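# Inside the fold
Single-letter residue listing:
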Amino acid sequence: MLTLSIVIFAQMSDNQIIDYVKSEHLRGKSQQEIGIALLQRGVSKDQLERIKRQLESQPSSINTNKITSESSRLRQSNIPEPTDTIEYISKDKDIFGKNIFNQKNLSFAPSVNIATPENYKLGPGDEIIIDIWGASQTTIQEIISPDGTITVDNIGPLYLSGMTVEEANKYVKNKLSALYSGLSDSYGSTKIKLTIGQIRTIQINVMGEVETPGSYSISSLSSIFHALYIAGGINDIGSLREINLYRKGQKTASFDIYKFLLKGESPEDIRLYDGDIIIVPPYKSLVNITGEVKRPMFYEMNENETLQDLINYAGGFSAKGYKEQININRTTGKYDQIFTINENDYSSFTLHNGDSVTVENNLNLFENRVQIDGAVFRPGYYEVGENIKTVKDLVEKAGGLKEDAFLDRAVLTRENPDLTLSTVSLNLHEIMSGSSENILLKKNDAIYIASLKIEQDLGGITINGMVANPGEFPFAENTTIKDIIIKAGGILSSASTAKIDVFRRVVDPSRTTEPDAIAQTFTFSIEDGLIADGKENFFLKPYDQIYIRKSPGYQTQRNIMVNGEVIFPGTYTLELKEQRLSDIILNAGGLTKYAFAEGAQLLRKRTKEEQQKYLNSIELLRRNSEDSISANFVDTSSYYSVGIELDLAIKNPKSEFDLVLKEGDQLTIPEFNNTIKINGAVMFPNTVLYKKEKSLKYYIEQAGGFNDLAIKKNVYIVYMNGTTAKAKGSSKDLLRPGCEIIVPTKERKERMSLGEKIAIGSSVTSIASVIALLINSLTK
């Protein structure tokens, strides 16, 4: 019998299952072993069946019935066998047209919602519907038998196989005219129409260089494209230019997929018949074109096709393509050759198998470009020619000089005939006024006009702290602290008026050694909400940082909640930082006569820092724990329990029992509870009355005693106030009203029953076919 130890894992995704099956198969594991391992990881049979259906819908994984006698059939006819020795083409090569059969939404399946073509030839398996109306009304539905006939009452068998729909309609009309008056006359009162109902299925063979050669059953309306699609498409060495159709041992048609892709010529008019054989031979010539064409990739070429044909297949030149000549590398078997073909010879140069064509970029050079930068309104590149000939023309075209332009000296950088550079100094004041010669421009000239202003490092001013809109503000001359506070929306009510700090960078350009001080600090006080104390002439500098501190005398209210058995339950505000339990009970009017102070519970809200640290710990637990389910049940609430003894706190104010309260605390005082709960590894978890004189053993017996998995030495008690204690001996002194006795449980080692073993064994057996399909599909 099969023995398994079921382990709970996180649910595997479909991709993880596929990767696992592939890797385990490569390691030599059997289908049975892979199936057992998947069950152990929580993978269901339904999930595997879904993956199986997905694989079956893909061409590469269709379960085909390959004909082992196909080679002998081909040798007996005139159909050539596929060549065994063929050039290997890497799967990494991107060959134009190969991906047409890899599109999931493009299966080329025939539409069943169209009228049957008039030239469709009938055959065994087609459903014939003959509608008669007029003076006589009836409908005849028959399926053409294997011998090619249908049987009509009072007429007998009618042979329709091989006829087109149009021919069959005339033939049936002629035969039925003996039974129905008016059929023979075109103006008669009885009409007849023959249509096709269910289309027959035909058996065809797809051989040669396809992904999955074999025999396939398809609709008789299917095209050659659909046949190639269900065979997985053409493989890496198959031809796209010569798809041959053989019928009864003779070649009847040949199709070029490029004509379909580039010109829209479709083989839809080529009808497939039962027993047809589609042969995909290896390609004859494969050429690569790279560089500046619209569709650079590999292309299959026919004999005598030229470089111009290849350029057309690649969509023509891109905008950057150099069209005047193209370089071609050719492998001859001895020495490689290179050909430089001029534009006039593109249509006459014939390409060979393995040729590599490269279309270069246009040169990134300009014959009529000049540049101007600096103190003009529209710097950039301009055309030198009819409208721009001189320096003055270029400056005016660039929007003119800015007000701060330095006119006494501009720099013209010029390219010499030997491509070296030279500099020409310009006096723009004289050139623009006309008192000096206006220099003619040449291509690639570049003019730079400097500004009168010296570039300065004017960093922003930053203000932080208790202002309405802290942040950085642009530097401006004569800016004061008051100005920045106003820009920041003013100070908040929580701001300290006694201290405002300004930190300034240490800047000393003349220094030759590193200073000890790295910043200057200026401290002020604030009056009337805005005015800085003291120096009215204190102006801010670039990169100054201003800090408005929070006042130590500003405190927000801190609220807590008191629920349960107090005279006035509700929300209370802490008056002191060290306000305690006894104080808040006093504020709430004291306890009611029904209050059970010993069972009071306090929940404390985690701060943002505590909550983030706690969540980080939980995330670390999830990552490191193999038991992902247990990790998911860890409490992630924002409150946690604090064990208190309210009865002792009330009796002993300000003592160690009198807890100091924090903002957000929730204190709950329950009613008296005189029961005890018994939970955990007992026979029957129960709740019973508290009896002061009874021991731990008594309460365990009230729950039916320990069960087989109980850890008897580690029993512990949880009190209503959130504290715990470990049980010792009789524990009479530890048991209190409202407490809960917890008996820990040992780890359960599951053993499966005979029925479970049989069920799992059946599951492994039933998914064996799915595992086999995955292996076959993934290792092709």
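Glancing now at the overall build of the chain. Scanning the chain from terminus to terminus reveals 18 helices and 37 strands. For the chain, with 780 residues in total, the buried portion stands at 38%. Sequence-distant contacts in the chain: of pairs separated by 6 or more residues, those separated by 24 or more amount to 63%. If you sum the accessible surface of the chain, you get close to 45800 Å²; carbon and sulfur atoms cover 48% of it.

This paragraph deals with the sheet that holds strand 24 (residues 519-524). Pairing is mixed in the open sheet, where 5 strands are placed in the order 22-21-27-23-24. With partners counted over all chains shown, the strands left at the sheet margins are strand 22 (471-473) and strand 24, one partner each. Averaged over all pairs of adjacent strands, the angle between strand axes in this sheet comes to 20°, irrespective of strand direction. Strand direction decides the pairing type here: strand 23 (residues 495-505) and strand 27 (residues 545-550), joined by 5 bridges, are antiparallel.

A surface patch of like charges, here positive, comprises Lys550, Arg558, Lys577 and Lys662. Overall, Arg558 belongs to the partly exposed group, its relative accessible area being 32%.

Grouped together as the largest cluster of nonpolar side chains are 52 residues, with contacts concentrated most on Leu228, Tyr299 and Leu307. Core analysis: the second largest hydrophobic core is formed by 22 residues, Tyr120, Leu122, Ile150 and Leu221 among them.

Moving on, we get to the environment of Ala772. Its place among the elements puts Ala772 in helix 18 (residues 768-778). Residues Ala772 and Gly35, spaced 737 residues apart in sequence, show a C-alpha to C-alpha distance of 9.9 Å.

One pass over the full model with this rule turns up 1 cavity of 30 Å³ or more. By volume, the largest cavity is sized at about 40 Å³. In terms of lining, the largest cavity is formed by Asn119, Tyr120, Lys121, Arg200, Ser220, Arg271, Leu272 and Tyr273.

This part is about the sheet that holds strand 6 (residues 201-208). Taken together, 5 strands build an open sheet; the order of strands is 7-6-10-8-9 and the sheet is mixed. Where the open sheet ends on each side, the last strands, each with one partner, are strand 7 (214-219) and strand 9 (250-255). Recorded for the sheet is a direction-independent mean angle of 30° between the axes of neighbouring strands. Pairing analysis gives 3 bridges linking strand 8 (residues 243-247) to strand 10 (residues 277-280), with the strands arranged antiparallel. Residue pairing in the sheet places Asn244 in a bridge with Ile279 of strand 10.

Every other side chain in a regular strand lies on the same face of the sheet, so the side chains alternate between the two faces. The pairing of strand 16 (residues 369-374) with strand 17 (residues 380-383) spans 4 bridges and is classified as antiparallel. When the sheet's bridge partners are listed, Val370 is paired in strand 17 with Tyr382. Hairpin remark: strand 16 followed by strand 17, antiparallel, with 5 residues in the connecting loop. Where strand 16 and strand 20 (residues 446-449) come together, 4 bridges link them in parallel fashion. From the neighbouring strand, Asp373 faces strand 20, where its bridge partner is Tyr448.

This part takes up the pattern of salt bridges. On inspection of all chains with the given rule, the structure shows 13 salt bridges. Among the ionic pairs, Lys284 bridges to Glu242, the shortest N-O distance being 3.8 Å. Of the two residues, Lys284 sits in the loop between strand 10 and strand 11 (286-291) while Glu242 sits in the loop between helix 6 (224-230) and strand 8, which places them 42 residues apart along the sequence. The exposure class assigned to Glu242 is partly exposed, which follows from its relative accessible area of 23%. Connected through salt bridges with shared partners, the residues Arg241, Asp256 and Glu305 form a single ionic network.

In total, this model carries 12 aromatic pairs according to the counting rule given. Seen in terms of ring centroids, Phe225 and Phe255 are 5.4 Å apart; in terms of plane orientation they differ by 75°. Their pairing is edge-to-face. Of this pair, Phe225 sits in helix 6 while Phe255 sits in strand 9, and the two are 30 residues apart along the sequence. A relative accessible area of 8% places Phe255 in the buried class. Measuring from centroid to centroid gives 6.4 Å for Tyr299 and Tyr313, while their planes differ by 25°, and the two rings are stacked. In this pair, Tyr299 sits in strand 12 (residues 297-300) while Tyr313 sits in helix 8 (residues 307-313), placing the two residues 14 residues apart along the sequence. Here Tyr299 falls in the buried class, since its relative accessible area comes to 0%. Given a relative accessible area of 12%, Tyr313 falls into the buried group. By way of ring pairs, the aromatic residues Phe96, Tyr258, Tyr299 and Tyr313 are connected into one cluster. Directly above the ring of Tyr381 sits Arg369, whose terminal nitrogen or CZ lies 4.0 Å from the centroid.

A few words now on the environment of Ser525. Within the element layout of this structure, Ser525 appears in the loop between strand 24 and strand 25 (526-527). By relative accessible area, which is 19% here, Ser525 ends up buried. Expressed as a C-alpha distance, the spacing of Ser525 and Ile500, which sit 25 residues apart in the sequence, is 5.8 Å.

All right, on to the pairing of strand 33 (residues 675-680) then. Pairing of strand 33 with strand 34 (residues 686-689) involves 4 bridges; the strand directions are antiparallel. Each bridged residue has a counterpart across the sheet, and for Ile678 the counterpart in strand 34 is Asn686. Here strand 33 folds back onto strand 34, and the loop between the two strands holds 5 residues. Note: strand 33 against strand 37 (residues 740-743), 4 bridges, orientation parallel. Bridging across to strand 37, Lys677 finds its partner in Glu740.

The phi dihedral of Lys248 falls on the positive side, at around 55°, and the residue is not glycine. By the element assignment, Lys248 lies in the loop between strand 8 and strand 9. Owing to a relative accessible area of 82%, Lys248 belongs among the exposed residues under this scheme. Phi at Tyr543 takes a positive value of approximately 70°, unusual for a residue other than glycine. Tracing the backbone shows Tyr543 in the loop between strand 26 (531-532) and strand 27.

The rules behind each value
Residues numbered from 1 in each chain as written. Predicted model: local features only at pLDDT ≥ 70, side-chain atom pairs only at ≥ 80, totals over all residues. Heavy atoms only, no water. Helix = DSSP H or I, 4+ residues; strand = E, 2+ residues; numbered from the N terminus. Buried < 20%, exposed > 50% of the residue type's maximum accessible area, 1.4 Å probe, protein only. Contact = heavy atoms within 4.5 Å. Areas by Shrake-Rupley, 256 points an atom, 1.4 Å probe, with all protein chains shown as cover. Pairing = 2+ DSSP bridges. Axes fitted to C-alpha atoms, helices over the stretch in contact; angles between N-to-C directions. Patch = residues over 30% accessible without salt bridge, like charges linked within 9 Å, V, L, I, M, F, W, Y side chains within 5 Å. Salt bridge = Lys/Arg side-chain N within 4 Å of Asp/Glu carboxyl O. Lys, Arg positive; Asp, Glu negative; His and termini not counted. Charge placed at Lys NZ, Arg CZ, Asp CG, Glu CD. Core = buried A, V, L, I, M, F, W, Y, C linked by side-chain atoms within 4.5 Å. 1 Å grid on protein atoms, 1.4 Å probe; cavity = no way out; pocket = protein on both sides within 12 Å on 5 of 7 lines; lining within 4 Å. Points joined across faces, edges and corners; volume = space filled by probe spheres on them. Phe/Tyr/Trp six-rings, centres within 6.5 Å; stacked < 30°, edge-to-face > 60°. Lys NZ or Arg CZ within 6 Å of the ring centre and 35° of its normal.

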